[in-house]
Amino acid sequence: MLSDADYSGNGSGARRARKRSSGESPGDGQTLRSSGRQSTARVKRSNNPPPGQSKRKATETEEEDDQAEKKYRKCEKAGCSATYPVCFASASDRCAKNGYTSRWYHLSCGEHFCNECFDHYYRSHKEGYETFVSWRKVWTSNGKSEPSLKAFMADQQLPFWVQCTKADCRKWRQLTKEIQLTASLAATYRCGMKVNNVKTEGPDPCSQPEDLRVAEVSHSWWQSMLILPPLLKDSPAGAFLSAYYPDCVGMSPSGSPCNVSTAELRADPCRAVQPQIPGLSPYFQPFYQPNECGKALCVRPDMMELDELYEFPEFSRDPTMYLALRNLILASWHRNCKEVLTAERCAQHIVVRGLVRVFCVEELDRVLHFMTRKGLINTGVLAVKQPLLPQKYCSKVIVVGAGASGLAAARQLQNFGTQVVVLEARDRIGGRVWDDTSLGVTVGRGAQIVNGCVNNPVALMCEQMGVRMHKLGERCDLFQEGGRVTDPAIDKRMDFHFNAILDVVSDWRNDKSQNQDAPLGEKVQEIKKDFLQESGMQFSELEEKVLQFHLGNLEFACGSTLDQVSARFWDHNEFFAQFSGDHTLLTKGYSVLLHKLAEGLDIRTNCPVQAVDYSGDVVKVTSSNGSQWTAQKVLVTVPLTLLQKNLICFNPPLPERKLKAIHSLGAGIIEKIALQFPTRFWDSKIQGADYFGHIPPSPDKRGMFSVFYDLDPQGKRAVLMSIMSGDAVSAVEDLEDQQVVDECMKVLRELFKEQEVPDPLTYFVTRWSKDMWSQMSYSFVKTGGSGEAYDILAEDLQGKVFFAGEATNRHFPQTVTGAYLSGVREASKMAAM
């Protein structure tokens, strides 16, 4: 079939056909309703035949009789089921309606327009031409696709279809041409309702049969017969995607003006401006903007992801319809993440003409279920009344461990409709999240800071609960013992050298294999030494101390001394998009989020699991007191250390591949100290900063109380928290809590030597290394190891035993966010099996 762009040639062909009908091949150019002038001409020819043409006259008369009988013409689109097409446009006075036309234009099975209506809009001397030209001008200024007449008909002339909202009806009805579909009409429509002051008569409008064409839409072949993909109008995604060509992201250029011109984008290829949407959290940025990359949990609105292509292969050739639905769903969820996003809520925003709206609404369920299962929507602390997924996803699951990952998985699975039991060894939930309020404010004995809030699920849960996060400022003055504040220029210079050393490490590892790995600390010292020798520079004593401060921060980030960390893979997760934006302090702690996740879950505390037997059809889990549970699937979320020390016996034993990965990762340790004082003695010196740094007096003191955090920023409570990392952890391991406090007070009195520093009123010191059910803080890659170990730890066993936790998340290890997302990931895997 010719495209509309080729119609100029087809038009001349049509004219030739009409010419032939008077003397060569009658019938092709005739319409059902011919003009009186043509009839007269035909009669004149039949009454006055040229001499010697009686035989031809008889033949013409016979053919005209055939033409009179030939009232219909089939659609020429191969495979079209419409035997007797009907023109939906009725634009031309000579519209074929349900009669004969020289050519039917196919939009879908059941939707055609005639050649006469085509001419009405396409021919410059016709009445509808200006309408088409005006539309084409808007389309070309906003969109990228061809402004063909078929696109015009689909976008402007097809009638809308709407579904009755009455539960026992749900029939589809075609609206009259003059009625415009809106989200509010779609949300409230009932058969026979009054629209534009017109009400359908009849006792029970719902009893009227549904148009037979609607049933065809459900057939597998229907989509393949669709000429143009649906482009939505007034999509909720519009405000998010104003910098894109609308038709590249599933929206109509005639109803979705592009607010950023192509010229602007080309002039500034690095431009990536986030749209400002009233009422939307600034941390919600679900879509990449043009020229933007490297942002975690972000999707390209104009491309399908690999897992989407795997799930919906039928959209691989033309993803427009899928993108339209996915973008609409994602935008709708971020506009209101406090309620379950249902197909009904989304369907009312599918504003597109024609039967394709029926198809979109039917497909919506599949896309919505997929996105729910993947944890892209209907996630977080959301409480649901009905299962979010169909019955086929339901089964029974046991979750071992009630930390962030275990609770995330359990909440997701229960919301899906799965029966879940959570077994926790401790007498509390939270795992390595453990908040303490004994000092008058919430202090996280474990995690408390959110690193990068944009698209972070922690920010989502805070939004759902109305929990405020305190944005941490960038200012961090470095204090020397003796009380002096380090010149910021020195700090900046040494920070540059520190990062330059790490850049050289990155260059060194490019051509190194795993067996050529080296400890990060060793490489850092080697590169530093080479640099000083080659440059002839010499760091001053203060500069050397500032460098040690930055190295101490690196040990804090790794959770280990640098002599254990892999130089090849110490920052393995940086190869993936990371969370950007503000770093924040959860002033109310992570526990409020985890307790909300735990609401309504069946959690059994004081149940240490000692055996997991997956040798049979079901998995048997045995606790230390002999109690047993069985389920189709088990999710193990215990800390890495417990797997390394074989605290859980697996039958069959864990594969060698997984054991090797488990031991190639290190169990990092940091400890915390928190002190409450009678006064905020530091206020005048730090001047509103959220934290301040402590320059170590010597390398062996590196990591000992390196940073102090004000845990009631801009408040009245006087509470400081500090960190011990690297060698400092082993230095305090055997000290009593009071001795650790005494060491910390010596440091504080040195940093604030110009004033009297009071004794703390109360305090606590963490002992994660001695915590029976943790024995660690977070993981790192040991020398000789690889980032791939995280992926291997995440592999399931025979589709029965699954693993989650920060040490199974290669993209986001070491964080509560990473642990949470690993639980969501495994819930998705289990639901899909």
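Below you will find a few notes about this structure. (Residues numbered from 1 in each chain as written. Predicted model: local features only at pLDDT ≥ 70, side-chain atom pairs only at ≥ 80, totals over all residues. Heavy atoms only, no water.)

1. Quick notes on the sheet that holds strand S11 (residues 478-479)
The strand order across the open sheet built from six strands is S11-S21-S22-S23-S20-S24, with neighbouring strands paired in mixed fashion. A strand with exactly one partner marks an edge of an open sheet, and here the two such strands are S11 and strand S24 (762-765). Pairing of strand S22 (residues 704-710) with strand S23 (residues 719-724), which is carried by four bridges, proceeds in the antiparallel orientation. Following the sheet pairing, Tyr 709 is matched in S23 by Met 721. The strands touched by helix H24 (residues 737-751) within the sheet are S11, strand S20 (671-676), strand S21 (691-694), S22, S23 and S24, with S22 carrying the most contacts at an inclination of about 75°. (Pairing = 2+ DSSP bridges. Helix = DSSP H or I, 4+ residues; strand = E, 2+ residues; numbered from the N terminus. Contact = heavy atoms within 4.5 Å. Axes fitted to C-alpha atoms, helices over the stretch in contact; angles between N-to-C directions.)

2. Observations concerning the nonpolar core
One finds Trp 222, Leu 241, Met 321, Ile 329, Ile 350, Leu 364 and Ile 377 to be the most contacted residues of the largest nonpolar core, which totals 59 residues. Contributing elements (two or more residues each) for this core: helix H8 (212-217), helix H11 (320-335), helix H12 (343-347) and helix H13 (356-373). Sequence-distant contacts of Ile 377, that is, excluding residues within four places in its chain, are made with Ile 329, Leu 330, Trp 333, Leu 341, Leu 368, Met 371 and Thr 372. Core analysis: the second largest hydrophobic core is formed by 47 residues, Ala 409, Met 469, Phe 579 and Ala 831 among them. (Core = buried A, V, L, I, M, F, W, Y, C linked by side-chain atoms within 4.5 Å. Buried < 20%, exposed > 50% of the residue type's maximum accessible area, 1.4 Å probe, protein only.)

3. Comments concerning helix H14 (residues 404-416)
With 13 residues, H14 should cover 18 Å at 1.5 Å per step; its first-to-last C-alpha distance of 18 Å lies within 8% of that length. Counted residue by residue, H14 has twelve buried out of 13 residues, so it is predominantly covered. Backbone geometry just downstream of H14 places Gly 417 in the positive-phi region, at approximately 110°. (Expected span 1.5 Å × (residues − 1).)

4. Quick word on the packing of aromatic side chains
Enumeration over the complete set of coordinates arrives at 29 aromatic pairs. Look at Phe 312 and Phe 315: their rings are 6.4 Å apart centre to centre, the planes differ by 50°, and that puts the pair in the tilted class. An identical accessibility class is assigned to Phe 312 and Phe 315; each is buried. With 4.9 Å between their ring centres and 40° between their planes, Phe 312 and Tyr 322 make a pair best called tilted. With Phe 312 in the loop between helix H10 (306-311) and H11 and Tyr 322 in helix H11, the pair connects residues that are ten residues apart, well separated along the chain. Each member of the aromatic cluster is reached from another via a ring pair, and the members are Phe 88, Tyr 105, Phe 113, Phe 118, Tyr 121, Tyr 122, Phe 132, Trp 135, Trp 139 and Phe 152. The residue whose ring lies beneath Lys 658 is Phe 803, and the NZ or CZ to ring-centre distance is 4.2 Å. Cation over ring: Lys 685 sits above Phe 752, and NZ or CZ is 5.2 Å from the ring centre. (Phe/Tyr/Trp six-rings, centres within 6.5 Å; stacked < 30°, edge-to-face > 60°. Lys NZ or Arg CZ within 6 Å of the ring centre and 35° of its normal.)

5. Thoughts on the sheet that holds strand S17 (residues 633-636)
Pairing is parallel across the open sheet formed by five strands, whose spatial order is S13-S6-S5-S17-S26. A strand with exactly one partner marks an edge of an open sheet, and here the two such strands are strand S13 (602-604) and strand S26 (801-803). This sheet shows a mean twist of 20° between the axes of neighbouring strands, independent of strand direction. Here strand S5 (residues 396-400) runs beside strand S6 (residues 419-423); their pairing, made up of five bridges, is parallel. Paired with Val 399 across the two strands is Val 422, which belongs to S6. The sheet contacts of H14 involve S5, S6, S13 and S17, and relative to S6 the element is tilted by about 165°.

6. Comments concerning helix H15 (residues 457-465)
Most of H15 is tucked away, with seven of its nine residues classed as buried. The inward-facing, buried residues of H15 contact H11, strand S9 (449-451), helix H19 (591-598) and helix H26 (816-832). Sitting at the amino-terminal end of H15 is Asn 456, which places a side-chain oxygen 3.0 Å from the backbone nitrogen of Val 458. After H15 finishes, the residue Gly 466 shows a positive phi value of roughly 75°. (Polar contact = N/O pair within 3.5 Å; in protein donor to acceptor, adjacent residues only side chain to side chain.)

7. Describing the pattern of salt bridges
Any two side chains of opposite charge can pair, so long as their charged atoms come close to each other. Scanning the model with the defined rule gives 36 salt bridges in all. Across the pair Glu 544 and Lys 528 runs a salt bridge whose closest N-O atoms are separated by 2.7 Å. Of this pair, Glu 544 sits in helix H18 (residues 541-558) while Lys 528 sits in helix H17 (residues 520-535); the two residues are 16 residues apart in sequence, bridging distant segments of the chain. Taking the relative accessible area as the measure of exposure, Glu 544 reaches 23% and is therefore partly exposed. Residues joined by salt bridges that share partners form a network here, namely Glu 314, Glu 363 and Arg 366. (Salt bridge = Lys/Arg side-chain N within 4 Å of Asp/Glu carboxyl O.)

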